[in-house]
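Here are the chains, one letter per residue:
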Amino acid sequence: METMKQYIEDAEKALLHTYNRYQVVLDKGDGVYLYDIEGKKYLDFCAGIAVFALGYNNKKYNDALKNQIDKVIHTSNYYYNVPAIEAAKKIKAVSGMDRVFFTNSGAEAVEGAIKAARKYAYLKDGSTDHEIIAMEHSFHGRTFGALSVTGNPKYREAFAPMIGNVRFAKMNDFESVIEQVNEKTCAILFETVQGEGGIYPAEEAFMKSIKKLCEEKDILLILDEIQCGMGRTGYMYAWQRYGIRPDIMTTAKALGCGIPVGAFLLTEKVGANSLTSGDHGTTYGGNPLAGAAINIVLDLFEENHIIDNVKETGAYLEKKLDELVREYDCIETRRGAGLMQGLVFDRPVGDIITKALDRGLILINAGMNIIRFVPPLIITKEHVDEMTAILRTCLDAE
Ligand SMILES: Cc1ncc(COP(=O)(O)O)c(C=O)c1O
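As the structure is a computational prediction, the values presented were derived from the model and not from experiment.

Things to note about the sheet that holds strand 6 (residues 166-169)
- Taken together, the 7 strands give an open sheet; going across it, the order is 4-12-11-10-7-5-6, and neighbouring strands pair in mixed fashion. If you trace the sheet from one side to the other, it starts and ends with strand 4 (99-103) and strand 6, each paired once. Averaged over all pairs of adjacent strands, the angle between their axes in this sheet comes to 20°, without regard to strand direction.
- With 5 bridges joining them, strand 4 and strand 12 (residues 262-266) adopt antiparallel strand pairing. Across the sheet, Thr-103 pairs through a bridge with Gly-262, a residue of strand 12.
- Helix 4 (residues 82-95) rests against strand 4, strand 11 (248-251) and strand 12 of the sheet, and its axis sits at about 120° to strand 4.
- The sheet contacts of helix 9 (residues 204-217) involve strand 5 (131-135), strand 7 (185-191) and strand 10 (220-224), and relative to strand 7 the element is tilted by about 160°.

Regarding the sheet that holds strand 3 (residues 41-44)
- One open sheet holds the 4 strands; their spatial order is 1-2-3-15, and the pairing between them is mixed. If you trace the sheet from one side to the other, it starts and ends with strand 1 (26-30) and strand 15 (361-362), each paired once.
- Judged from the 2 bridges that link them, strand 3 and strand 15 form a sheet pairing that is parallel. For Asp-44, the partnering residue across the bridge sits in strand 15 and is Ile-362.

Quick word on helix 3 (residues 59-71)
- Taking 1.5 Å per residue as the helical rise, helix 3 with its 13 residues ought to reach 18 Å, and the 18 Å between its terminal C-alpha atoms agrees with that figure.
- If you check which residues of helix 3 are buried, you get Tyr-61, Ala-64, Leu-65 and Gln-68. Viewed end-on, helix 3 has its buried residues packed into an arc of 95°, placing them on one side of the element. In helix 3, the exposed residues that point more than 90 degrees away from the buried face are Lys-59, Asn-67 and Asp-70.
- On its buried face, helix 3 is in contact with helix 4 and helix 11 (288-303).
- Backbone nitrogen of Lys-60 and a side-chain oxygen of the N-cap are separated by 3.1 Å at the start of helix 3; the cap is Asn-58.

Let's talk about the pairing of strand 10
- Burial of strand 10 is extensive: 5 of the 5 residues sit out of reach of the surface.
- Along strand 10, one buried face is formed by Leu-220, Ile-222 and Asp-224 and the opposite face, lined by Leu-221 and Leu-223, is buried too.
- The pairing of strand 7 with strand 10 spans 5 bridges and is parallel. Bridge pairing in strand 10 links Leu-189 to Ile-222.
- Relative to strand 11, strand 10 runs parallel, the two sharing 3 bridges.

Some thoughts on the domain arrangement of the protein chain
- For the protein chain, the domain assignment lists domain 1 (4-54 + 305-396) and domain 2 (60-303).
- For the domain 1 face of the interface with domain 2, the top three residues by lost area are Leu-54, Arg-335 and Met-340, together amounting to 28%.
- Where domain 1 packs against domain 2, one counts 1 salt bridge.
- Notably, a salt bridge pairs Glu-196 with Arg-372, separated by 3.1 Å at the nearest N-O pair.
- Where domain 1 touches domain 2, the interface holds 12 residue pairs in polar contact (both at pLDDT 80 or more).

Focus on the site of the ligand
- The ligand sits among Ser-105, Gly-106, Ala-107, Phe-139, His-140, Gly-141, Glu-191, Glu-196, Asp-224, Ile-226, Gln-227 and Lys-253.
- At a separation of 2.8 Å, an oxygen atom of the ligand approaches a polar backbone atom of Ala-107.
- Asp-224 is positioned such that a nitrogen or oxygen atom in its side chain is 2.7 Å from a nitrogen atom of the ligand.
- Taking 390 Å² as the accessible area of the ligand by itself, protein coverage stands at 81%.
- Here the residues of the shell around the ligand are counted per class, giving 3 nonpolar, 5 polar and 4 charged.

Description of the pattern of salt bridges
- The final tally for this structure, using the stated rule, is 25 salt bridges.
- One salt bridge in this structure joins Glu-136 and Lys-170, with 3.9 Å as the shortest N-O distance. Linking Glu-136 in the loop between strand 5 and helix 6 (144-148) with Lys-170 in the loop between strand 6 and helix 8 (174-180), this pair joins segments that are 34 residues apart in sequence.
- Note on Glu-136: relative accessible area 27%, which makes it partly exposed.
- A relative accessible area of 42% places Lys-170 in the partly exposed class.
- Three or more residues are tied together by salt bridges with common partners; here these are Asp-346, Arg-347, Lys-355 and Glu-398.

Quick look at the nonpolar core
- Phe-45, Tyr-61, Ile-188, Phe-190, Phe-373 and Leu-391 are the most contacted members of the largest nonpolar core, which has 101 residues in total.
- Ranked by the residues each element gives to this core, the list is headed by helix 11, at 9 residues.
- Built from parts of two domains, this core gets at least three residues from each of domain 1 (4-54 + 305-396) and domain 2 (60-303).
- Leaving out residues up to four positions away in the same chain, Leu-391 has contacts with Leu-324, Leu-343, Ile-352, Leu-361, Leu-363, Ile-371 and Phe-373.
- In terms of nonpolar packing, the next biggest core, distinct from the first, is built from 23 residues, Val-110, Ala-117, Cys-186 and Phe-264 among them.

With respect to the confidence of the model for the protein chain
- Residues of the protein chain with pLDDT of at least 70 account for 100%, and the chain-wide mean is 97.
- The least confident element of the protein chain, judged by mean pLDDT, is helix 7 (residues 153-156) at 95; the most confident is strand 10 at 99.

Cut-offs applied
Residues numbered from 1 in each chain as written. Predicted model: local features only at pLDDT ≥ 70, side-chain atom pairs only at ≥ 80, totals over all residues. Heavy atoms only, no water. Pairing = 2+ DSSP bridges. Helix = DSSP H or I, 4+ residues; strand = E, 2+ residues; numbered from the N terminus. Axes fitted to C-alpha atoms, helices over the stretch in contact; angles between N-to-C directions. Contact = heavy atoms within 4.5 Å. Expected span 1.5 Å × (residues − 1). Buried < 20%, exposed > 50% of the residue type's maximum accessible area, 1.4 Å probe, protein only. Arc of directions from axis to C-beta. Polar contact = N/O pair within 3.5 Å; in protein donor to acceptor, adjacent residues only side chain to side chain. Domains from an automatic or database assignment. Buried area = accessible area lost by both parts, 1.4 Å probe. Salt bridge = Lys/Arg side-chain N within 4 Å of Asp/Glu carboxyl O. Near = heavy atom within 4 Å. Areas by Shrake-Rupley, 256 points an atom, 1.4 Å probe, with all protein chains shown as cover. Nonpolar A, V, L, I, M, F, W, Y, C, P; charged D, E, K, R; others polar. Core = buried A, V, L, I, M, F, W, Y, C linked by side-chain atoms within 4.5 Å. pLDDT = per-residue confidence, 0-100.

The structure is reproduced here in structure tokens:
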């Protein structure tokens, strides 16, 4: 077998260099642990960037996918299939939304949400110059629509022009939103908890003011739940904490727990007055394998009381991270909700993350100075203790 070094060399010769990858070739997983091809074990507090909620090598999940593979994987959206129908019913039930469109990724879900909002506005007045308000420091994906509403110029600059008619406001600053609103505004779009931008949860007053504004002006509220959704904050969808409902929402990542799926969901009002036959489509979205993945994920969420675990273990993680904030001068603060947390440092965190990897702990950043904690949602307090013990040794070695 090739060595890890050889594989990495091969990868760097063959793959387009769009990532500065950590120098590890991962091979398999079990529970909350990953193993590299040399057998080294890692405690995983990244979960494939907030994807693998149920932990690795979950037998029921694996069996459900294997069964579906043996039946049929793909049929196209010209026909109905039972896994997608069941998945749509379940996702409606857990979200309280009314209509579902399945995609293959988060970015595609955002694209669909933008199209639905523009079409809704177009049907009202027939004009095609509507505007969307998004937030600074947001991240919505790499396709052109998603990139256009991503509030970090670094990601957009070289690829201009964007889709246009997007204005940016400041997260948790209602006045800054008001400044951008005009008669052309068709939607306000943001992550309920900003992920890549540095783990910023929407404040309750901000969320409620925006909802009220949207209702008054018939502006659509679009919430991106791709990273913060699926139980991660202790609610199935993070917006459920605020007692509001968006007009459109996006979901992906943990929805398929590794099978590439996403969805955008709409209220009946928006569903009935936006995208219609021929307006939008996808070859793979909602195929039987994707449907089977969503079904088993949502079943296992219920069976394993995932949300309860997030509430309990999330509170414990907060407590332990707060202890680190008090102990280490280089840590400025902690932000987050449930099992989506960030530790804000006074310096870049790259070295600490590399040290952690050497010591068998997988962490990721969110921006230069923030360590992000988005572990599988099945972690226990013991795993949190194991993580903080390793992290301490890295901080002590700084
Ligand atoms: C909030 C948010 N929206 C959208 C996306 C894009 O999702 P994908 O990478 O599946 O296209 C991400 C990915 O990190 C995300 O965190």
